[in-house]
Amino acid sequence: MEQKKILIITYYWPPAGGPGVQRWLKFAKYLPDFGWKPIIYTPENPSYPLLDETLMKDVPENIEIVRTKIWEPYQLAEKLNKSNKKFKAGQFDVGKNQSWKSKLSIWVRGNFFIPDARVFWVKPSVTFLEKYLKENNIDTIVTSGPPHSLHLIGLGLKNKIPNLKWIADFRDPWTEISYYKHLKLTKSSDKKHRQLESAVFKNADITLATSYTDAENFRKAGANAVCITNGFDESDSDEKAKGQKGENKFTLSYIGVLEQLRNPENLWKALDELIKENADFADDFTLKFVGRIDDKILSAIENSNLKNHILNLGYLAHGKAVEEMQNSDMLLITNFPNESSKGIIPGKIFEYLASGKQILSFGPEKADVAKILEETQAGKHFNYKDTEMVKKFILEKFELWKNGSLLKNTQNIEQFSRKNLTSQLTEVLK
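Attention in this report is confined to the structure presented alongside it. (Residues numbered from 1 in each chain as written. Predicted model: local features only at pLDDT ≥ 70, side-chain atom pairs only at ≥ 80, totals over all residues. Heavy atoms only, no water.)

Looking at the pattern of salt bridges
Threshold: In the sections that follow, a salt bridge refers to a side-chain nitrogen of Lys or Arg positioned within 4 Å of a carboxyl oxygen of Asp or Glu. By the criteria applied, helices consist of DSSP H or I runs no shorter than four residues and strands consist of E runs no shorter than two, each listed in order from the N terminus.
Within this structure, the stated rule accounts for 25 salt bridges. Here E273 makes a salt bridge to K269, at a shortest N to O gap of 2.8 Å. Placement of both E273 and K269 in helix 9 (residues 265–277) is noted, with a separation of four residues, approximately one turn of the helix. Through salt bridges with shared partners, one network takes in K26, K29, K57, D58 and D233.

A short note on the packing of helix 4 (residues 122–135) against helix 5 (residues 149–160)
So the rule is basically this: A fitted line through C-alpha atoms represents every axis, and for helices the fit uses only the stretch in contact; the resulting angles, taken between N-to-C directions, go from 0 to 180 degrees. Our angle categories are set so that under 35 degrees counts as roughly parallel, over 145 as roughly antiparallel, 65 to 115 as roughly perpendicular, and the remainder as oblique. Here a crossing is called left-handed whenever its near helix is offset anticlockwise from the far helix by less than a right angle, and right-handed whenever the offset is clockwise. We call two residues in contact when some of their heavy atoms are within 4.5 Å. Each residue gets one label: Ala, Val, Leu, Ile, Met, Phe, Trp, Tyr, Cys and Pro are nonpolar, Asp, Glu, Lys and Arg are charged, and the others, such as Gly, are polar.
Contact geometry for helix 4 and helix 5: axes closest at 9 Å, N-to-C directions at 45°. In terms of their interaxial angle, helix 4 and helix 5 are classed as oblique. Read as a crossing pair, helix 4 and helix 5 show a hand that is right-handed. Each of V122, S125, V126, L129, E130 and L133 in helix 4 lies in contact with helix 5, whose residues at this interface are S149, L152, I153, G156, L157 and K160. Its residues assigned to classes, the contact of helix 4 with helix 5 comprises seven nonpolar, three polar and two charged.

Regarding the nonpolar core
The test is simple: Buried Ala, Val, Leu, Ile, Met, Phe, Trp, Tyr and Cys residues that are joined via side-chain atoms within 4.5 Å together make up what is termed a nonpolar core. For the exposure calls, accessible area comes from a 1.4 Å probe over protein chains only, and a residue counts as buried if that area is under 20% of its type's maximum, exposed if over 50%, partly exposed in between.
Membership of the largest hydrophobic core comes to 62 residues, with the highest contact counts inside it found for L7, I9, I153 and L157. Ignoring any residue separated from it by four or fewer positions in sequence, one finds L157 in contact with I9, V126, L129, E130, L133, I141 and L164. F250, W268, L274 and F362 belong to the second largest nonpolar core, which has 31 residues in total.

Some points on the packing of helix 1 (residues 22–30) against helix 16 (residues 418–429)
Here helix 1 crosses helix 16 at 80°, and the two axes come no closer than 9 Å. By the angle between their axes, helix 1 is roughly perpendicular relative to helix 16. Of helix 16, the residues touching helix 1 (which contributes Q22, R23, W24, K26, F27 and Y30) are R418, K419, L421, T422 and L425. Within the contact of helix 1 with helix 16, the residues separate by chemical class into five nonpolar, two polar and four charged.

This is the structure we're talking about:
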């Protein structure tokens, strides 16, 4: 039986690194098992914040990849202010860390590039793809955002080809994402963002959300929304990694990008106090970072009692990052503190789950992450005001580690395997 074609419009594709690339890379990997032929449409000359050549191994053999050129203004932004490199990954300085250059750059980014700086790829892509879809008999497309400008490609194509089945995949929300309120938007810019978002919700046949709360919020905003979370790929944890034991120290690891808006200051305070109060803990504790940690966060930690307990490995290829999860005893995950972010489920939590390690989570109360941790008994979720409860939890796990009783836990996680999630996706595509 001939496979049905699906065009996936994504900005992030290997050799891009980071979490943004993995969702549709993994779907593309497993879609052929369910009778679908994925075709990728992606920029020819993208400006990626991170690169990871090792992800190329997951690109399906003989997959068709269509590329066109994109123009992005990031080079101009970086000339104005070097810290603008963070914009590529949706990050920027906040509060007291903002210089006048940062403030100006954020204002320009929010008001001149709506919805984002990849918007210049929209019109040429619509023109190119309208012809491509008709010539290749493709009647199903996916747009993956952020960058949310890619959803405008889907909107443009839907207007030109009404019978086209369009799935708008929101890896993160648009106007409800935490940093949106920091963009210094004028009233007219805010209105334009919201009008475009509404048009996407109302015109897409299916809107995919990566969390239960986001799907509910999208439905309230007029979308035909379905939740398919991110997940883990069993093939990413090879037998060598599975067999590895932890370090000689009790190791708490953060894997990924940590920006100022998700900085768990109460955790650093709790760890600082534990080091001062508990000699055994001070002797045996390591705080490990794998990825990109905001320099201002790192500077503050290095000026505390944690200074001599930090192991900062920097960005590692995805496979190596998974190994470092296995080499840890506890894994840290953080979310934005405000209630509107309770629906964000960071993608790495699923690889954390697959590792079997205990998870220490921070974010708003009643978050979707807390629901997953309760269901899998894989860790505990705290808000950003808890300090004493955090200390108690860490100390409890430390004592278990010291006694050799800190066991792996992988119950109820099969639902989050990439292959099972792809099966869910194909049900939506019918």
